[in-house]
Amino acid sequence: MTLPSTPGTGARPGPRRRTVVAAGAGAAALSALGVPPATAAPGASGTGAGAPGADHPAPAPRLGTGWQRYVQAPGSRTVRPVRVLGSTGEVRRPEALLKPGGARTVLRRPRPDAAPRWPEGTVAEASSAHPGNNGNDGTPRTYDAGNAIDGDPDTFWNDDTQGEFPDTLTVTLPAARELSGITVVSNSDGVPTDFTVDVWRDGGWSTAATVADNDVIQRAVPFGAPVSTTRVRITVTAVQDTPRGAFTRINEVWPEAVEPVEKPSVTLDFGKVVVGHPRVRFTSASDNSPGVRLAFSETLQHLTERSDFTRSDQSGTPAQGTDQFAVPAGGADWTDRRGHQHGTQVYADGLHGFRYLRITLDALASDAPAAEPWGTVEIDSVALEFTAYLGTPATYRGWFLCSDDDLNRYWYGASYTNELVTDTFRQDDVDPRNAWSASLEGLRVLHDGPKRDRDPYVGDLAVSARTLYLTHDEAADAARNVLADLAAHQRADGWIPPASINGYTLPLFDYPLWWVTCSWDYVLYTGDRGYAEHHYPNLLKVLDVWYPSVTDGAGLLSKGLNGTGGYGDYAFLGRTGRITYYNANYVQALHDAASLARWLGRRDDAERWTERAALVADAVNSLLWDASAGAYLDSGTGPVRHAQDGNAIAVTSGVADAGRAASALAHLDATTQRPYGNAFMDNDTLFGGASQRVYAFTSYPEIVARFETGRADSALDQIRRTYGWMDRHDPGITHWEGIGPDGSLYEDAYTSMAHGWSTGVLPALTHQLLGARPTSPGYATWEVRPYPGSVAWAQGQLPTPHGPLRVEWQRTAASFTVTVHVPSGTRGTLALPGDSARLTVRGGGRLLWDGRRARDRDVRVAGGRVTVAELGPGSHRFTATTGH
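Reading guide: rules and limits
Residues numbered from 1 in each chain as written. Predicted model: local features only at pLDDT ≥ 70, side-chain atom pairs only at ≥ 80, totals over all residues. Heavy atoms only, no water. Helix = DSSP H or I, 4+ residues; strand = E, 2+ residues; numbered from the N terminus. Rg over C-alpha atoms; globule rule 2.2 N^0.38 Å. Buried < 20%, exposed > 50% of the residue type's maximum accessible area, 1.4 Å probe, protein only. Areas by Shrake-Rupley, 256 points an atom, 1.4 Å probe, with all protein chains shown as cover. Lys, Arg positive; Asp, Glu negative; His and termini not counted. Charge placed at Lys NZ, Arg CZ, Asp CG, Glu CD. Pairing = 2+ DSSP bridges. Axes fitted to C-alpha atoms, helices over the stretch in contact; angles between N-to-C directions. Salt bridge = Lys/Arg side-chain N within 4 Å of Asp/Glu carboxyl O. Core = buried A, V, L, I, M, F, W, Y, C linked by side-chain atoms within 4.5 Å. Contact = heavy atoms within 4.5 Å. Left-handed = near helix turned anticlockwise from the far one by under 90°. Phe/Tyr/Trp six-rings, centres within 6.5 Å; stacked < 30°, edge-to-face > 60°. Lys NZ or Arg CZ within 6 Å of the ring centre and 35° of its normal. pLDDT = per-residue confidence, 0-100. Expected span 1.5 Å × (residues − 1). Bend = angle between axes of the 7 residues up to and from the residue. Polar contact = N/O pair within 3.5 Å; in protein donor to acceptor, adjacent residues only side chain to side chain.

**Considerations on the overall build of the protein chain**
What the protein chain contains, in helices and strands, is 15 helices and 40 strands. In terms of C-alpha radius of gyration, the protein chain reaches 30 Å, essentially the compact-globule figure of 29 Å for 884 residues. Dimensions of the protein chain, computed from C-alpha atoms along their principal axes, come out at roughly 105 × 65 × 45 Å. Relative to its 884 residues, the protein chain shows a buried fraction of 60%. Total accessible area on the protein chain stands at roughly 30,500 Å², and carbon and sulfur atoms take up 49% of it. Averaging the locations of the 81 positively and 98 negatively charged side chains of the protein chain gives two centres separated by 9 Å.

**A short note on the pairing of strand β9 (residues 204-211)**
Of the strand pairs in this sheet, strand β8 (residues 192-201) and β9 are connected by 7 bridges, and their pairing is antiparallel. Following the sheet pairing, Arg201 is matched in β9 by Gly204. A loop of 2 residues connects β8 with β9, the two strands running antiparallel in sequence, and Asp202 in this loop sits at a positive phi of about 55°.

**Notes on the pairing of β8**
Judged by how many residues are buried, β8 sits mostly within the fold: 7 of 10 residues are covered. The pairing of β8 with strand β10 (residues 218-239) spans 7 bridges and is classified as antiparallel. What sits directly across from Phe195, in β10, is Val236.

**Describing the sheet that holds strand β38 (residues 859-862)**
Two orientations exist for strands paired in a sheet by backbone hydrogen bonds: parallel and antiparallel. Sheet architecture is open: 5 strands sit in the order β30-β31-β35-β39-β38, paired in mixed fashion. Either end of the sheet is taken by a strand with one partner, and the two such strands are β30 (772-774) and β38. Neighbour-to-neighbour, the strand axes of this sheet turn through a mean angle of 25°, independent of strand direction. Examined bridge by bridge, β38 and strand β39 (residues 865-871) share 4 bridges and lie antiparallel to one another. Among the inter-strand pairings, Val861 is bridged to a residue of β39, identified as Val866.

**Quick notes on the side chain of Asp336**
When you line up the elements, Asp336 lands in the loop between β15 (332-335) and β16 (339-342). Nearest to the buried, unbridged Asp336 among oppositely charged side chains is Arg311, at 7.6 Å.

**Here we look at the nonpolar core**
Grouped together as the largest cluster of nonpolar side chains are 169 residues, with contacts concentrated most on Trp515 and Tyr570. Setting aside residues up to four positions removed in sequence, Trp515 forms contacts with Val458, Leu483, Leu486, Ala487, Ile496, Tyr531, His535, Asn538 and Leu539. Of all hydrophobic cores here, the second largest spans 39 residues; its members include Ala73, Val274, Val292 and Ile359.

**Let's talk about the sheet that holds strand β36 (residues 839-843)**
An order of β20-β32-β33-β34-β40-β36-β37 is seen for the 7 strands of this open sheet, with the pairing classed as antiparallel. Whereas interior strands pair on both sides, the edge strands pair on one side only; in this sheet they are β20 (399-402) and β37 (846-849). Sheet twist, expressed as the mean angle between neighbouring strand axes with direction ignored, is 15°. One ladder, built from 5 bridges, connects β36 with strand β40 (residues 874-882); its direction is antiparallel. In the strand pairing of β40, Val841 is matched with Ala880. On the sheet, helix α15 (residues 761-770) packs against β20, β32 (793-798) and β33 (805-811) and is oriented at approximately 115° with respect to β32.

**So, the pattern of salt bridges**
Where charged atoms from two side chains of opposite charge come close, those side chains can pair. Counting across every chain of the model gives 51 salt bridges. With a closest N to O distance of 3.0 Å, Arg452 and Glu737 form a salt bridge. One end of the pair, Arg452, is in the loop between β22 (444-446) and α4 (458-469); the other, Glu737, is in the loop between α14 (712-728) and β28 (739-740), and 285 residues separate them in sequence. Comparing Arg452 with Glu737, the two get one shared label, buried. Its salt-bridge partner being Glu702, residue Arg706 comes within 2.8 Å of it at the nearest N-O pair. On the criterion of helical spacing, the pair formed by Arg706 and Glu702 is a turn pair, its members being 4 residues apart in helix α13 (residues 696-708). According to the relative accessible area criterion, Arg706 is buried, its value standing at 1%. What emerges from the salt-bridge pattern is a single network uniting Arg109, Lys263, Arg293, Glu305 and Asp362.

**Describing the environment of Gly555**
Summarising the element assignment, Gly555 is placed in the loop between α8 (529-546) and β23 (559-562). A relative accessible area of 27% means that Gly555 is categorised as partly exposed. Along the sequence, Gly555 and Pro131 sit 424 residues apart, while their C-alpha atoms lie 50 Å from each other.

**Quick word on unusual backbone geometry**
With an omega dihedral of 10°, the bond running from Phe165 to Pro166 counts as a cis peptide bond. Structurally, Pro166 can be placed in the loop between β6 (157-158) and β7 (167-186). The phi dihedral of Arg93 is positive, around 55°, even though this residue is not glycine. Mapping Arg93 onto the fold places it in the loop between β3 (90-92) and β4 (105-109). You can call Arg93 partly exposed: its relative accessible area is 36%.

**A closer look at the packing of helix α3 (residues 405-421) against α14**
Packing of α3 against α14 leaves a shortest axis separation of 10 Å and a crossing angle of 65°. At the point where α3 passes α14, the crossing takes the left-handed sense. Between α3 and α14, the contacting residues are Leu407, Arg409 and Tyr410 on the first element and Leu716, Ile719, Arg720, Tyr723, Gly724 and Asp727 on the second.

**A few points about the packing of aromatic side chains**
How two aromatic rings sit relative to each other is set out by the distance from centre to centre and by the angle between their planes. All told, the structure shown has 42 aromatic pairs when counted by the stated rule. Ring geometry for Tyr570 versus Tyr695: centroids 6.0 Å apart, planes at 80°, classification edge-to-face. Taken together, the positions of Tyr570 in the loop between β23 and α9 (580-599) and Tyr695 in the loop between β27 (677-678) and α13 put the pair 125 residues apart, joining distant regions of the chain. For the pair shown, Tyr570 and Tyr695 are each scored as buried. The ring centre of Tyr536 lies 4.8 Å from the NZ or CZ of Arg602, which sits over that ring. Residue placement shows Arg660 over the ring face of Trp625; its charged tip is 5.3 Å from the ring centre.

**Thoughts on the environment of Ser289**
Within the secondary structure, Ser289 sits in the loop between β12 (265-285) and β13 (291-297). In the structure, Ser289 is positioned 39 residues away from Pro328 in sequence and 5.6 Å away in space, judged by C-alpha atoms. If we ignore the near neighbours within four places in the chain, the residues touching Ser289 are Ala326, Val327, Ala370, Ala371 and Glu372.

**Topic: the confidence of the model for the protein chain**
Of the residues in the protein chain, 93% reach a pLDDT of 70 or more, and the chain-wide mean stands at 92. Below a pLDDT of 50 lies the segment residues 1-54, which in the model reaches 153 contacts outside its immediate sequence neighbourhood of four places, other chains included.

**Topic: α8**
When the terminal C-alpha atoms of α8 are compared, their 25 Å separation across 18 residues agrees well with the 26 Å that a helix rising 1.5 Å per residue should span. At His535, α8 is deflected by roughly 50°, the largest bend along its length, and proline Pro537 occurs up to four residues later in sequence. Those residues of α8 lying buried are Tyr531, Ala532, His535, Tyr536, Asn538, Leu539, Val542, Leu543 and Trp546. Looking at the buried side of α8, the elements it contacts are α5 (477-488), α7 (511-526), β23, α9 and α10 (603-623). Among the residues of α8, the N-terminal cap falls to Asp528, whose side-chain oxygen and the backbone nitrogen of Gly530 are separated by 3.2 Å.

Printed below as a string of structure tokens:
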């Protein structure tokens with residue numbers, strides 16, 4: 001879940017390549033550093049994919065064995081880097097950072113000479129200057145041209161034409177001076193990449209130097225020959241685009257070409273995304289308080305001198321995108337915690353989510369003299385104090401394994417992604433945009449991502465909570481805590497906030513519906529009647545007060561009614577009026593609420609909501625179905641487009657009948673397929689690039705829809721494209737918030753590369769491929785309905801309040817064999833795949849179905865499948881054979 005930002009195209013990822021468990025950094029980038037690609041965990045070679053239609057596929061392992069090798073979490077809460085990717089400047093023994101207690105890594109940087117100064121009376125003017133403000137920390141700042149020649153590298157000129165060029169800075173001397181070159185010192189918030197330097201001579205401007213593709217902060221610009229001049233003009237035509245905008249920023253211009261002394265740095269790779277507090281053990285340092293700066297990134301592409309994301313960027317703390325530490329002469333065992341080391345100087349951000357870490361001997365000019373950018377630092381080791389849920393094989397209560405090695409990796413990659421977001425809500429670590437809440441402090445929650453925004457959003461829980469219930473159900477309190485807290489902050493008119501951000505006021509239109517569905521999910525998986533009883537009044541209020549207030553005369557939700565025109569949704573899309581997604585979600589929420597009401601004995605409420613769901617579904621089919629395209633419209637007004645979210649949820653919620661479901665999925669096939677998944681829009685009428693953007697969040701219901709309409713191989717293809725792309729590209733293993741054109745990071749460095757809402761592959765493989773799911777609260781009843789597709793065998797375990805529910809099945813061209821191990825206190829139904837008219841079914845040594853009629857009272861045909869009901873505690877084995 002993200003706050004609004006301008007849709008971007010991102011950058012192209014590195015080349016694709018195959019891996020065993022998960023890819024590390026892009027192969028080209030790592031190769032350039034002389035480093036081999038990331039390798040698999042020991043023993044993770046997989047079990048071999050079953051060939052479609054194979055008569056004799058590789059046998060499944062003994063139930064409950066083999067899956068453990070796919071687990072991705074670190075072995076302990078102390079996590080160490082796995083390799084050194086490279087170093088710069090004067091660094092001795094960089095590889096010593098990987099292992100404590102042995103040799104030490106030494107970074108050394110000589111004291112720089114004083115910067116050259118312009119003569120007294122020199123002035124500067126610019127094409128434009130940004131108005132002064134209070135900066136990021138409340139301290140008044142100016143951005144005038146004079147800042148570029150004032151000798152203070154902490155002040156800078158900032159133009160006032162974002163993304164528009166050229167920008168010019170002109171320096172005028174009081175008298176002619178011979179210059180052999182200049183130095184441009186810029187800003188870590190985006191350096192000028194392309195510029196020319198002109199000098200005034202013979203009554204006109206003459207080009208002295210041209211710079212292209214600059215990517216360094218201190219750029220020496222020598223002239224071809226010394227020039228005597230009174231004026232120097234810098235014309236900038238391109239800059240780095242950063243989260244702070246595409247502005248020209250120049251901190252200093254020096255009247256000599258000064259080559260920088262290369263900063264000593266070491267770049268470390270932790271092998272996968274991790275989250276927690278970095279820890280560096282400094283054994284000694286020179287006595288001048290040398291500074292160390294730490295920059296973090298989830299991807300190698302965005303690893304620079306600035307972290308790919310820091311909370312200080314949003315909190316007003318001028319941290320310059322890195323975490324700082326001044327090393328005392330006696331050394332220090334330093335853990336990166338949020339705060340200043342010296343008064344208001346030397347700031348560190350604390351917790352980070354990242355894969356790559358760059359440690360540099362350097363200091364901000366504003367941190368002098370508390371920290372100096374030179375000296376000697378000796379380091380024993382680097383580690384991370386892992387703060388998230390530690391999902392070791394011993395903690396898994398549910399697991400999955402099948403004949404397809406790729407699917408196994410994706411399942412456990414989803415689990416690890418979700419473990420990274422299962423963490424304690426701590427004031428120092430959460431989104432600084434007024435998201436801290438005393439009512440959540442110290443509680444376990446499901447954040448949306450380990451890097452950002454680190455705030456629990458209920459829409460994300462629609463996926464991440466299911467992933468949690470199926471893997472580590474003893475941590476279900478992480479979902480309950482969020483749902484209960486949001487209910488406690490319900491508005492008087494019934495609206496439920498999406499998260500704690502902005503003091504629980506961020507206006508989203510769809511997320512109260514997700515609160516209803518997530519509440520039913522929580523009760524369905526856990527059987528927590530106390531939660532259901534306590535929060536039933538919240539459910540009544542949101543469905544019977546707030547959503548009726550935004551319902552039009554046709555019975556459809558219409559964004560814009562009751563002052564909701566400015567409300568957003570999961571992607572902050574500019575949609576208003578009747579939207580298929582909102583209304584299909586409404587039908588789902590009404591059905592879920594009705595199920596909860598029946599369980600609690602509120603039959604009148606259940607009937608009312610069921611009737612309303614039917615009316616909304618009829619209105620969607622009447623007013624939002626586009627017969628010419630064979631799909632549901634995204635919106636009833638404006639340009640014609642068809643969205644993944646509305647069409648997929650129309651199928652999974654039952655709005656679409658079989659014919660419409662088949663047509664809608666065919667339309668998505670024809671218009672949205674990309675090498676990296678299915679796009680969430682079929683054209684770009686909503687915003688540029690919409691038809692190239694993939695959200696795993698909205699892909700999850702489409703994958704479910706494909707399984708449940710008998711298109712298992714289509715679902716598997718979509719899984720392999722979506723999750724295979726993320727698995728093969730940096731940072732590997734974890735699942736991204738969104739994918740942009742050509743498979744890029746859809747919001748560049750800001751993109752979260754480990755996002756809980758993208759883990760839908762896990763519940764899809766468990767509930768649809770394996771086929772097991774609860775059908776009443778606490779798994780009192782359940783169903784096993786496999787959709788095997790081309791997969792040869794699968795097995796898994798679902799944690800229930802009564803004990804594990806285990807399922808294993810294997811297919812050949814002529815048979816399908818399934819065993820269900822049922823916990824005490826539960827009963828369920830098995831629905832076998834295949835055409836009932838062509839099957840013979842045996843179980844318990846008896847013939848149960850002969851292709852025409854049942855031979856047992858608990859056997860029947862439903863939806864074309866042979867179904868065996870009333871399976872109680874114990875183990876049950878069935879074989880369905882094609883032919884008679």
